[in-house]
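Results of the structural survey
The residues making up each chain are set out below.
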Amino acid sequence: MIEKCIPIPPFGDRPVICVASGPSLTLKQVWQIGRARSLDRCRVIAINDNMFPCWFADIGYACDKVWWNSKNGVPGFPGLKVSLEITGYHDIRTMKNTGIEGYDDTPGCLRSGSNGGYQSVHLAAKIGASSGGIILAGFDFSDNGSREHWFGLHEGSMDKHSNITERLRLFRILTNELAKRGVKVFNATLQSNINWLPPYDLGTLLI
């Protein structure tokens, strides 16, 4: 079900690109995404610190209140801001967390998958990514603990190890649920452990 209450431009047949912070994400990929968005060829969800290089994104998504607080709510970000925790900032919309695993069709609800990348893909599907599909960039799911990112380490309590095996298991469940709903997911990450999705060239997908 499409979330009618999320005020972003209509998707049409455009893909939604979810930009995560895996170490493989490159400036060239960010440039490709930004150029495609300027030509109205896609919609973009930037996760956490990717809001800063992807200032053109339609949605800035970060799950954690502590992240928003550490960035003062990213006051200058021009797109829609969305979280899974109540932040206290009036301009950040909050989705309801209804569990860890699977997909929730209920309006306003997301499953967490224990990471923001999962949540952003879930959100993309809910707000209209169907015919154009969802493109993944920076979804490495690697580095033996998921601490390293293209920008380095998260600050403070956000810097922690994660169970990559469990995250991959949960993400596979999500992509299976999306396939049942006719939503295609294209993995354009340069180095990714999401081995059940075939790799795609980002530039080719955005032509």
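Residues numbered from 1 in each chain as written. Predicted model: local features only at pLDDT ≥ 70, side-chain atom pairs only at ≥ 80, totals over all residues. Heavy atoms only, no water.

Considerations on the pattern of salt bridges
Our working definition: Every case where a carboxyl oxygen of Asp or Glu lies within 4 Å of a side-chain nitrogen of Lys or Arg is listed as a salt bridge. Buried means the residue's accessible area, taken with a 1.4 Å probe over protein chains only, is under 20% of the maximum for its type, while exposed means over 50%, and partly exposed covers the values in between.
In the structure shown here, the tally under the stated rule is 12 salt bridges. One salt bridge connects R37 with D40, and the closest N-O pair in it is separated by 3.5 Å. Residue R37 is classed as buried on the basis of its relative accessible area, which comes to 16%. The partly exposed category is assigned to D40, whose relative accessible area is 33%. Residues participating in the shared-partner salt-bridge network are R14, R37, D40, R43 and D58.

Considering the packing of helix α3 (residues 116-126) against helix α4 (residues 164-180)
Condition: To obtain each axis, a line is fitted to C-alpha atoms, and for helices this fit is confined to the stretch in contact; angles are then taken between N-to-C directions over 0 to 180 degrees. Numbering of helices and strands runs from the N terminus, with a helix taken as a DSSP run of H or I at least four residues long and a strand as a DSSP run of E at least two residues long. Oblique is the label for every angle not falling under 35 degrees (roughly parallel), over 145 degrees (roughly antiparallel), or within 65 to 115 degrees (roughly perpendicular). We call two residues contacting when some pair of their heavy atoms lies within 4.5 Å.
Running from N to C, α3 and α4 cross one another at 10°; their axes reach a closest spacing of 10 Å. When the axes of α3 and α4 are compared, the pair comes out roughly parallel. Listed contacts from α4 to G117, Y118, V121, H122 and A125 of α3 are L170, F171, L174 and L178.

Description of the environment of D13
By secondary structure assignment, the location of D13 is in the segment before β1 (16-19). Sequence-wise, D13 and A129 are 116 residues apart; in three dimensions their C-alpha atoms are separated by 8.1 Å.

Quick look at the nonpolar core
Condition: Residues enter a nonpolar core if they are buried and are Ala, Val, Leu, Ile, Met, Phe, Trp, Tyr or Cys, with the set joined through side-chain atoms within 4.5 Å.
Core analysis: the largest hydrophobic core is formed by 37 residues, its most contacted members being I134, F139 and F171. Among the secondary structure elements, those contributing two or more residues to this core are β1, β2 (43-47), β3 (59-61), β4 (80-83), α3, β8 (134-137) and α4. Ranked by residue count, the leading element in this core is α4, at 6 residues. When neighbours within four sequence positions are excluded, F139 is seen to be in contact with C18, A20, I47, G117, S120, V121, F171, T189, S192 and I194. Grouped together as the second largest cluster of nonpolar side chains are 24 residues, C54, F77, I92 and L206 included.

Quick word on the sheet that holds strand β5 (residues 92-94)
Stated precisely, the cut-off is as follows: One bridge is not enough; two strands pair if DSSP finds at least two bridges between them.
Pairing is parallel in the open sheet, where 7 strands are placed in the order β5-β4-β3-β2-β1-β8-β9. The sheet is open, and its two edges are formed by β5 and β9 (185-187), each paired on a single side. Strand after strand, the sheet turns through a mean of 25° between neighbouring axes, direction not considered. By the bridge criterion, 3 bridges tie β3 to β4 in an arrangement that is parallel. When the bridges of β4 are listed, Y61 appears paired with V82. Running at roughly 140° to β2, helix α1 (residues 27-38) makes contact with β1, β2 and β8 of the sheet. Where α3 meets the sheet, it contacts β1, β2, β3, β4 and β8, and its direction lies at approximately 155° from that of β2.

Concerning the environment of G79
Along the polypeptide, G79 turns up in the loop between α2 (65-70) and β4. Remark: the alpha-carbon pair of G79 and F56, spanning 23 residues in sequence, is separated by 7.5 Å. When near neighbours in sequence (up to four residues on either side) are disregarded, G79 contacts A57 and D58.

A few points about the pairing of β8
Remark: a regular strand shows side chains that alternate across the two faces of the sheet. Burial along β8 is two-sided: I134 and L136 and I135 and A137, pointing in opposite directions, are all buried. In terms of strand pairing, β1 meets β8 through 4 bridges, oriented parallel. Paired with V16 across the two strands is I134, which belongs to β8. In the sheet, β8 pairs with β9 via 3 bridges, with the strands oriented parallel.

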